[in-house]
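# Coordinate inspection notes
Residues per chain, in single letters:
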Amino acid sequence: MRKICRKALPKAEAGKLRTEQTNANAKLAGKTLDVQKEWKRARQNKPLKVAFDTLLGMAGNRERCMYCGDSQGTDIEHFWPKNTYPKKMFRWNNLLLGCTACGRDHKGTRFPLDAGKKPLLIDPTKDDPWLFLDFDPMTGNFSARYDALGNPAPKGAKTVEVLALDRREALASGHQKAYKHISKLISEAAATSTADATTLISGLKEVDEYGILGWCFRGAGINEPPMSSLRSAHPAIWAKCVKAFKNS
Ligand SMILES: [Zn+2]
């Protein structure tokens, strides 16, 4: 899972989405809101088309789903599900790019909250996924990150459970392949006295299809080889990589 930087919508479309939300709220108060119908109608209009294009731009060159990073992002996904939380259905901050498998098959209307009513799902536009997730290079699966006391991060555990990030074979094998390339480049740099940060960084960017560099350079992976070897062999290169991948 990749950290995503949310862009601003153009002013005109942002204003129109706010109006859509105001109108939806009024219908909700009058008990006449049909969420599906309202969304279907609005989805044909320019503000949501611009929102979709903006989400595609935020998702990077490959335009992948913001949850799994694997399949093509095909539609607007509501982080807070629109049927349960219609007051957020047109809120720009609630809109992500999702694939059918994540949005429909796995997440659906599931949206676990903690005792303080805060989401127990990672929002990649607000959270750093690698504070909550861990990666296993052997299996290619994601799991919850454990804290120093040995407790799994609740948000990581629920995200893995809801999105089935430990039960999707194609996803795991994609992670394994990407990590193999990443690991090779880092090992080679760690073993070479003439290693060059710029070359390493551009090579890593090219092979990081799933945002695993976040795990390598700021997540639990920093203490695993070959990352630990790079850090001790070339501290300056390590620091440049950490900086380069702080938003990966
Ligand atoms: Zn997905």
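Residues numbered from 1 in each chain as written. Predicted model: local features only at pLDDT ≥ 70, side-chain atom pairs only at ≥ 80, totals over all residues. Heavy atoms only, no water.

The next subject is the side chain of Lys82. The topology assignment puts Lys82 in the loop between strand S1 (75-78) and strand S2 (95-98). With no salt bridge to any partner, buried Lys82 finds its closest opposite charge in Glu77, at an N-O distance of 7.7 Å. In contact with Lys82, not counting residues within four places along its chain, are Val35, Gln36, Trp39 and Met89. (Helix = DSSP H or I, 4+ residues; strand = E, 2+ residues; numbered from the N terminus. Buried < 20%, exposed > 50% of the residue type's maximum accessible area, 1.4 Å probe, protein only. Lys, Arg positive; Asp, Glu negative; His and termini not counted. Salt bridge = Lys/Arg side-chain N within 4 Å of Asp/Glu carboxyl O. Contact = heavy atoms within 4.5 Å.)

Another aspect to go through is the domain arrangement of the protein. Under the domain assignment, the protein is made up of domain 1 (11-107) and domain 2 (128-248). When each unit is reduced to the centre of its C-alpha atoms, the spacing between domain 1 and domain 2 is 30 Å. Roughly 890 Å² is buried in total at the junction of domain 1 and domain 2, and carbon and sulfur atoms are behind 51% of that figure. Among the residues domain 1 hides against domain 2, the three largest losses belong to Arg62, Asp70 and His106. Together they make up 50% of the total. Taken together, domain 1 and domain 2 are joined by 1 salt bridge. Counting across the interface, domain 1 meets domain 2 through 3 residue pairs in polar contact (both at pLDDT 80 or more). The residue makeup of the side of domain 1 that touches domain 2, split by class, is 5 nonpolar, 2 polar and 4 charged. (Domains from an automatic or database assignment. Buried area = accessible area lost by both parts, 1.4 Å probe. Polar contact = N/O pair within 3.5 Å; in protein donor to acceptor, adjacent residues only side chain to side chain. Nonpolar A, V, L, I, M, F, W, Y, C, P; charged D, E, K, R; others polar.)

With that settled, consider the nonpolar core. Grouped together as the largest cluster of nonpolar side chains are 70 residues, with contacts concentrated most on Leu48, Trp215, Phe217 and Leu230. When we break this core down by domain, the ones giving at least three residues each are domain 1 (11-107) and domain 2 (128-248). Aside from chain neighbours lying at most four places away, what touches Trp215 is Trp130, Asp134, Phe135, Pro137, Tyr179, Ala220, Gly221, Ile222, Glu224 and Met227. (Core = buried A, V, L, I, M, F, W, Y, C linked by side-chain atoms within 4.5 Å.)

Protein coordination of the zinc ion is provided by Cys65 (SG), Cys68 (SG), Cys99 (SG) and Cys102 (SG), with donor distances spanning 2.3 Å. Considering all 4 donor atoms around the zinc ion, angles at the metal cover 107 to 113° and the coordination shape is tetrahedral. In the primary structure, the donors to the zinc ion are separated according to the pattern C-x2-C-x30-C-x2-C. Residues Cys65 and Cys68 agree in their burial class; the two are buried. (Donors = N, O, S within 2.8 Å, 3.2 Å for Na, K, Ca; no water. Tetrahedral: all angles 85-135°; square planar, octahedral: opposite > 155°, others 65-115°.)

A pair of packed helices can be characterised by two numbers: the angle between their axes and the separation between those axes. Put simply, helix H6 (residues 169-191) and helix H7 (residues 197-207) touch, their axes get as near as 9 Å, and they point 170° apart. By the angle between their directions, the pair H6 and H7 is classed as roughly antiparallel. Contacts between H6 and H7 involve Ala178, His181, Ile182, Leu185, Ile186 and Ala189 from the former and Leu200, Gly203, Leu204 and Val207 from the latter. In terms of residue class, the contact of H6 with H7 is made up of 8 nonpolar, 2 polar and no charged. (Axes fitted to C-alpha atoms, helices over the stretch in contact; angles between N-to-C directions. Parallel < 35°, antiparallel > 145°, perpendicular 65-115°, else oblique.)

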